[in-house]
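Architecture and fold: a report
This is what each chain is made of:
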Amino acid sequence: MSGGAVVVGGGLAGTLAVAALLGHVDTVTVIERDRYPERPIFRKGVPQGRHLHVFLSGGQQALEKLLPGAGAELRAAGAHSMEMPRDLLTRSPNGWHRRRHEGRHTLLSCTRPLFDATVRARVLAKAAGSGTQVELLEATEAVGLLGGADRVTGVRVRSRDAGRAERDIPADLVIDASGRGSRAPKWLAELGRPAPREEIVDAGIGYVTQMFRPDAPMDAAVVLQPRPDLPRGAAWSPVEDGNWLLTLSGVRGQHPPTDGDAVLDFVASVDEPHLHTHLTAARPVSPPYGFRETSNRRRHYDAPGGVPEGFVVVSDAACTFNPIYGQGMSVAALGALALRDTLADGGLRPGFAAAAQRAVARAGDTAWLTAVGADRPYAEDAEATPPGAAERLQSWYFGRLADRATHDPVVGAAFRDITCLAAAPSRLLSPAVALRTILLPRRPGPASIPLRVEGAGG
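As the structure is a computational prediction, the values presented were derived from the model and not from experiment.

Moving on, we come to the overall build of the chain. When helices and strands are tallied, the chain shows 13 helices and 22 strands. Computed over its C-alpha atoms, the radius of gyration of the chain comes to 22 Å, within 12% of the 23 Å expected for a compact globule of 458 residues. Here the chain, with 458 residues, has 56% of them falling under the buried criterion. Long-range pairs, those at least 24 residues apart, make up 73% of the contacts in the chain between residues at least 6 apart in sequence. Approximately 18900 Å² of the chain is accessible, and the part contributed by carbon and sulfur atoms is 53%. Taking the 52 positively charged and 49 negatively charged side chains of the chain as two groups, their mean positions are separated by 3 Å.

Structure follows, in structure tokens:
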């Protein structure tokens, strides 16, 4: 173990990056603009914090490797574990997914403050016995990188308290985990390096989330996906303390209201009477909160020469997804695991930054494929990176596969492996899946909400 690291951003991605570094470096300094609350509450530094978050099974597997027992701790704190597709009723553009016990994948659903606080406490507890000293610099922001075009040697920071004093923090490794607002392209330009190539696909989706307490909770969460003739969607999922979160979404011109009196009217417009009736008996416990920063954006730091030695960009700072698909937290865990595995393969050796950046990028490939595939039909050409021939073929194939997944158990299992980020995209090309996707006809899934589990009591 040798050297020191700085992590820019103390949110979930930064906290998981710290977990990856433990035992591999002597010191880790975390630069966080906010101050951490004493208990799990919503904070300004997490702009999506009030919205629905789920943790996919692929992310859960990665988290257990980083922090064994973290999943059980989250469930004990109130996170709900839901089996797919039994406990998540999903209406796709081609009909409902059949509700059956598959026993392959689960989702964890809880508020973001609970998730962040639980993971942060576990990381700090693990740090105490790891041999790595962790220092949290709260109310502090990074303002630039130290070093030159070939190597980053630290970070310049500024206090957000009175005086706004600046100082330099030397480091053998700087990790940018500062999220969608990352200033890494500007910082690298100041060192004389070109900005990374970007891909952007923006469906113009806006969403609104409101917390409710139902009188009689449903026995499953509900997801209503938008479709071309109805570009609106909804999700209804349990969180801790007997509350549920309702997230409504819509593309350009169809954005949901932030007026609480109009929320139920929007729910009625998504054409699912059972959910609307259920919500009329639920008591609001928060106002609606809106969010519209939903573009998919990928900065290719993983390209040859994309990063200098001593600098790695992770999670949303490198690749951000439309949050409506609930992939971000899981990709953060998968990226942190990729970072740890790269460290385990020789430590901070020459070429480490490039190798780690490639590994982190691969960890987000599946999420990028599925998010962009879902959003591309709604993206305006002027605002989107044009699809290449390979992406057009992928979109055609994925569209057929998603349709069959509503009712075909073989294709459905593969589809959930991918959407839960538990398998590589090549899983969709296995002979059994490919032949059923290409040769069998497209037909709709069930037309009405599947309130009963197939094979359970009739």
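Once the structure has been displayed, the description carries forward.
This brings us to the side chain of E272. Of note, E272 is situated in the loop between helix 6 (260-269) and helix 7 (273-280). Look at E272: it is buried, it has no salt bridge, and the nearest opposite charge is R91 at 4.6 Å. Non-local contacts of E272, meaning those with residues more than four positions away in its chain, are made with R91, W96, L224 and I449.

What describes two packed helices is the angle between their axes and the distance between those same axes. One way to put it is that helix 1 (residues 12-21) packs onto helix 8 (residues 328-344) with a least axis distance of 8 Å and a crossing angle of 25°. With respect to helix 8, the element helix 1 is oriented roughly parallel. In this structure, the crossing between helix 1 and helix 8 has a hand that is right-handed. Here helix 1 contributes L12, A13, L16, A17, A20 and L21 to the contact with helix 8, which in turn contributes M329, A332, A333, A336, L339, R340 and L343. Split by residue class, the contact of helix 1 with helix 8 holds 12 nonpolar, no polar and one charged.

Our focus in this paragraph is the pattern of salt bridges. Taken as a whole and assessed by the stated rule, the structure comprises 26 salt bridges. Linking R98 and E454 is a salt bridge whose minimum nitrogen-to-oxygen distance equals 2.8 Å. In this pair, R98 sits in the loop between strand 6 (95-96) and strand 7 (105-110) while E454 sits in the segment after helix 13 (431-439), placing the two residues 356 residues apart along the sequence. The salt bridge involving E141 is made with R164; its shortest N-O contact spans 3.0 Å. A residue pair is termed long-range when its members are at least 10 positions apart, and E141 in strand 9 (residues 140-147) and R164 in the loop between strand 10 (152-159) and strand 11 (166-170) qualify at 23 residues. On the basis of relative accessible area, R164 is assigned to the partly exposed category, the value being 41%. Each of R33, E141, R158, R164 and E166 takes part in salt bridges that share partners, so that together they form one network.

Core analysis: the biggest nonpolar cluster contains 90 residues, and V7, L16, L21, F115 and F311 have the highest contact counts within it. Ranked by residues supplied to this core, first place goes to helix 8 with 10 residues. Residue contacts for F311: discarding those within four places in its chain leaves L145, V152, L173, V174, D176, A184, L188, A353 and Q357. In this structure, L89, A234, W236 and F266 belong to the second largest nonpolar core, which totals 20 residues.

Time to look at the packing of aromatic side chains. For the structure shown, the criterion picks out six aromatic pairs. Measuring from centroid to centroid gives 4.8 Å for F55 and F115, while their planes differ by 65°, and the two rings are edge-to-face. Here F55, found in strand 3 (residues 53-55), pairs with F115, found in helix 4 (residues 112-127); they are 60 residues apart in sequence, far enough to count as distant. The interplanar angle of 35° and the centroid separation of 6.0 Å between the aromatic rings of F398 and F415 together place this pair among those described as tilted. One end of the pair, F398, is in helix 11 (residues 389-405); the other, F415, is in helix 12 (residues 409-419), with 17 residues separating them in the sequence. Look at F398 and you get buried, because its relative accessible area is 17%. Given a relative accessible area of 13%, F415 falls into the buried group. An aromatic cluster is present here, built from F212, W236 and W244 joined pairwise through their rings.

Following M84, the chain continues into P85 via a peptide bond in cis, with omega recorded as -5°. If you trace the backbone, P85 turns up in the loop between strand 4 (80-84) and strand 5 (88-92). The backbone phi angle of L421 is positive, close to 60°, even though this residue is not glycine. Position of L421 among the secondary structure elements: in the loop between helix 12 and helix 13. Among the residues examined, L421 registers a relative accessible area of 8% and is labelled buried.

Before going further, it helps to examine the sheet that holds strand 2 (residues 27-31). Across the sheet, which stays open at both edges, the five strands sit in the order 8-2-1-12-21 with parallel pairing between neighbours. What marks the edges here is a single partner per strand, and that holds for strand 8 (133-137) and strand 21 (311-313). On average, each strand axis in the sheet is tilted by 15° relative to the strand beside it, whichever way the strands run. Where strand 12 (residues 173-176) lies against strand 21, three bridges are found, and the strand directions are parallel. Residue I175 lies in a different strand from strand 21, and its bridge partner there is V312. Contacting strand 1 (4-8), strand 2, strand 8 and strand 12, helix 1 crosses the sheet at an angle of about 165° to strand 1.

A surface patch of nonpolar side chains, amounting to about 560 Å² of accessible area, comprises L393, W396, L435, I438 and L439. Mapped onto the nonpolar patch, the elements with two or more residues apiece are helix 11 and helix 13. The residue L435 is located in helix 13 in this model. For L435, a relative accessible area of 52% corresponds to the exposed category.

Attention now goes to the side chain of R99. Its location among the elements puts R99 in the loop between strand 6 and strand 7. Residue class for R99 comes out buried when judged on its relative accessible area of 3%. A polar contact of 2.6 Å, which involves the side chain of R99, links it to the backbone oxygen of L451.

Rules used in this analysis
Residues numbered from 1 in each chain as written. Predicted model: local features only at pLDDT ≥ 70, side-chain atom pairs only at ≥ 80, totals over all residues. Heavy atoms only, no water. Helix = DSSP H or I, 4+ residues; strand = E, 2+ residues; numbered from the N terminus. Rg over C-alpha atoms; globule rule 2.2 N^0.38 Å. Buried < 20%, exposed > 50% of the residue type's maximum accessible area, 1.4 Å probe, protein only. Contact = heavy atoms within 4.5 Å. Areas by Shrake-Rupley, 256 points an atom, 1.4 Å probe, with all protein chains shown as cover. Lys, Arg positive; Asp, Glu negative; His and termini not counted. Charge placed at Lys NZ, Arg CZ, Asp CG, Glu CD. Salt bridge = Lys/Arg side-chain N within 4 Å of Asp/Glu carboxyl O. Axes fitted to C-alpha atoms, helices over the stretch in contact; angles between N-to-C directions. Parallel < 35°, antiparallel > 145°, perpendicular 65-115°, else oblique. Left-handed = near helix turned anticlockwise from the far one by under 90°. Nonpolar A, V, L, I, M, F, W, Y, C, P; charged D, E, K, R; others polar. Core = buried A, V, L, I, M, F, W, Y, C linked by side-chain atoms within 4.5 Å. Phe/Tyr/Trp six-rings, centres within 6.5 Å; stacked < 30°, edge-to-face > 60°. Pairing = 2+ DSSP bridges. Patch = residues over 30% accessible without salt bridge, like charges linked within 9 Å, V, L, I, M, F, W, Y side chains within 5 Å. Polar contact = N/O pair within 3.5 Å; in protein donor to acceptor, adjacent residues only side chain to side chain.

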